[in-house]
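# Architecture and fold: a report
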Amino acid sequence: MSGQPLHGTVVARWAPAHGWRGVLITGPSGAGKSDLALRLIGRGWRLVADDYAHVVASGGALYATCPTAIEGRIEARGVGVVPASALGLVRLVLAVELSAEPIERLPEAAGSVIGGVRLPLVRLCGFESSAVEKVTLLTRPL
């Protein structure tokens, strides 16, 4: 599968009766994309892609997969590139934009349009200890 290459990390969690639910984590270099992904993986999430992902729109949904060259690996800053059990393809349900700037306390609903498909968007500080719980809460099926 090829698609629009995006700079970001993708992780996913299993939701019974809903399947794998993926999150695209974006932000500037050093914002904590891989760090947040590693903490989510430590809580049972699975890696899809670290650093770059191919994203394609199909049937009104967005799907992400990893470029073959970096499949099954994630960068752990200060440690190096390490292996990680990875999924091949996942439907994206949320975009997370990491920022070092202060985050608005009660932001308006936001979205990111990729390939003509709108994805809910939340801005977080990736290094906050609560970031893992916030992402988990936002990806729970309704």
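The coordinates are above.
The notes below deal with the structure included here. Remember, it's a predicted structure, so these values are computed and weren't measured experimentally.

### A short note on the pairing of strand β9 (residues 89-98)
With seven of ten residues buried, β9 is to be regarded as a mostly interior element. As judged from the four bridges shared by strand β6 (residues 61-65) and β9, these two strands associate in the antiparallel manner. Along β9, the bridge assignment pairs Ala64 with Val90. Bridge analysis of β9 against strand β11 (residues 117-124) gives four bridges, and the strand direction is parallel. For Glu97, the partnering residue across the bridge sits in β11 and is Arg123.

### Section: the side chain of Ser99
Structurally, Ser99 is set in the loop between β9 and β10 (110-114). A distance of 2.9 Å separates a polar side-chain atom of Ser99 from the backbone nitrogen of Glu101. With residues up to four places along the chain from it excluded, the contact list for Ser99 reads Leu124 and Cys125.

The rules behind the values
Residues numbered from 1 in each chain as written. Predicted model: local features only at pLDDT ≥ 70, side-chain atom pairs only at ≥ 80, totals over all residues. Heavy atoms only, no water. Buried < 20%, exposed > 50% of the residue type's maximum accessible area, 1.4 Å probe, protein only. Helix = DSSP H or I, 4+ residues; strand = E, 2+ residues; numbered from the N terminus. Pairing = 2+ DSSP bridges. Polar contact = N/O pair within 3.5 Å; in protein donor to acceptor, adjacent residues only side chain to side chain. Contact = heavy atoms within 4.5 Å.

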